[in-house]
Amino acid sequence: MTKNLYLKLMIRKAIPLFDEQGFNISEIKKEIIVSVADTGRYAGFYYPLTYEQNKSGLHEIEVDENIDNGLEATGVLIHEMCHAIQYHIYGDDIRMHGKEFRKIALSVGLQGPMRSTTSSKQLQSKIRRWEKEIGPYPHPIPILARTLNLILDLITYGGCFYLLVLATEYYALHQ
């Protein structure tokens, strides 16, 4: 499973959080796309429909590729989903982390400063249950580990190939 797939599955799990609180995100769920990217200094980013960089015409969400655990990544995803529903309900004439955002975020289990929310204990518990259903957040293999795996594969399979060549030559010589 990739991080992108994990986050797409988590969107499905999070939709009822919003719907149960009266924020009918089901109306726009097909318009929400998520990806993992280098978001710079932000844990996540939401591109409203009217945002210049929004190329798809959909509610674009990015979660920072450097986040290495599902609990944090899903918390960031839900924060950005709050922006999507905020935009859907109120348009773009309001503050990104203003009172409308706060109302949505608190209702779905986010807490703390609105610019950098964290998941409440109750939301963390839900995320952990979801993760048991869909699987753990993927961890990329570090470059050194990938390089060592490649070297081991070359030795293993290259060595086998070399032995096969020697055996074939030996057989050919002794026929």
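Note that the coordinates shown come from a computational prediction; the quantities given were computed from them, not determined experimentally.

Conventions we followed
- Residues numbered from 1 in each chain as written.
- Predicted model: local features only at pLDDT ≥ 70, side-chain atom pairs only at ≥ 80, totals over all residues.
- Heavy atoms only, no water.
- Helix = DSSP H or I, 4+ residues; strand = E, 2+ residues; numbered from the N terminus.
- Buried < 20%, exposed > 50% of the residue type's maximum accessible area, 1.4 Å probe, protein only.
- Contact = heavy atoms within 4.5 Å.
- Areas by Shrake-Rupley, 256 points an atom, 1.4 Å probe, with all protein chains shown as cover.
- Arc of directions from axis to C-beta.
- 1 Å grid on protein atoms, 1.4 Å probe; cavity = no way out; pocket = protein on both sides within 12 Å on 5 of 7 lines; lining within 4 Å.
- Points joined across faces, edges and corners; volume = space filled by probe spheres on them.
- Nonpolar A, V, L, I, M, F, W, Y, C, P; charged D, E, K, R; others polar.
- Axes fitted to C-alpha atoms, helices over the stretch in contact; angles between N-to-C directions.
- Parallel < 35°, antiparallel > 145°, perpendicular 65-115°, else oblique.
- Left-handed = near helix turned anticlockwise from the far one by under 90°.
- Salt bridge = Lys/Arg side-chain N within 4 Å of Asp/Glu carboxyl O.

Asks: Just to check I follow, could you spell out the overall build of the protein for this structure?
Replies: Helix and strand counts for the protein come out as five helices and five strands. In sequence order, the protein lays out its α and β elements as α-β-β-β-α-α-β-β-α-α. Put simply, the protein has 175 residues, and 37% of those count as buried. Contacts spanning at least 24 positions in sequence make up 62% of the contacts within the protein whose residues lie at least 6 apart. Surface summary for the protein: the accessible area is close to 11000 Å², and the carbon and sulfur share equals 57%.

Asks: Mind showing me how you'd approach helix α3 (residues 99–107) here?
Replies: Glu100, Phe101, Ile104 and Ala105 are the residues of α3 that are buried. Projected down its long axis, α3 carries its buried residues within an arc of 125 degrees, all on one side. In this structure, α3 carries Lys99 and Lys103 as exposed residues pointing more than 90 degrees from its buried face. At its buried positions, α3 is contacted by α1 (3–20), α2 (70–90) and β4 (110–111). With its phi angle positive at about 105 degrees, Gly109 sits one or two positions after the end of α3.

Asks: What is the right way to read the layout of surface pockets from this model?
Replies: Over the atoms, a rolled probe matching the size of one water molecule traces out where space is still vacant. Estimates place the volume of the largest pocket at around 570 Å³. Ala43, Gly44, His79, Glu80 and Arg115 are, among the 23 residues lining the largest pocket, the residues nearest its centre. Elements that contribute at least two residues to the lining of the largest pocket include exactly β2 (44–47), α2 and β5 (118–119). Along the lines of polarity and charge, the residues of the lining of the largest pocket split into nine nonpolar, ten polar and four charged. Each pocket or cavity is described by its volume, and for the second largest pocket that value is around 170 Å³. Looking at the second largest pocket, the residues that line it are Lys8, Ile11, Arg12, Ile15, Lys29, Ile32, Ile33 and Val34. Ranked by residue count, the leading element in the lining of the second largest pocket is α1, at four residues.

Asks: When you look at the environment of Ile89 in this model, what are you seeing that I'm missing?
Replies: Here Ile89 shows up in helix α2. The sequence separation of Ile89 and Asn24 amounts to 65 residues, and the corresponding C-alpha distance is 9.2 Å.

Asks: I'm lost on the packing of α2 against helix α4 (residues 121–134) in this one. Help?
Replies: Each pair of packed helices can be summarised by the angle the axes make with each other and by the distance between the axes. Between α2 and α4, whose axes approach to 10 Å, the crossing angle comes to 115 degrees. Taken together, α2 and α4 sit at an angle that is classed as roughly perpendicular. Once α2 is placed against α4, the crossing between them reads as right-handed. Only Leu123, Gln124, Ile127, Arg128, Trp130 and Glu131 of α4 make contact with α2, whose side of the interface consists of Gly70, Leu71, Thr74, Gly75 and Ile78. Here the contact of α2 with α4 is composed, by residue class, of five nonpolar, four polar and two charged.

Asks: I tried to follow the environment of Phe101 on my own but got confused; where do I start?
Replies: Of note, Phe101 is situated in helix α3. A relative accessible area of 0% means that Phe101 is categorised as buried. Separated by eleven residues in the primary sequence, Phe101 and Tyr90 place their C-alpha atoms 9.8 Å from one another. Other than its neighbours up to four places away in sequence, Phe101 contacts His79, Cys82, His83, Gln86, Met96, Met114 and Thr117.

Asks: Can you help me understand the pattern of salt bridges in this one?
Replies: Oppositely charged side chains can form a pair if their charged atoms are brought close together. For the structure shown, the criterion picks out one salt bridge. Of the charged contacts, one joins Lys13 and Glu133 as a salt bridge, the two residues approaching to 2.2 Å between their closest N and O atoms. Of this pair, Lys13 sits in helix α1 while Glu133 sits in helix α4, placing them 120 residues apart in sequence. With relative accessibility at 54%, the residue Glu133 sits in the exposed group.

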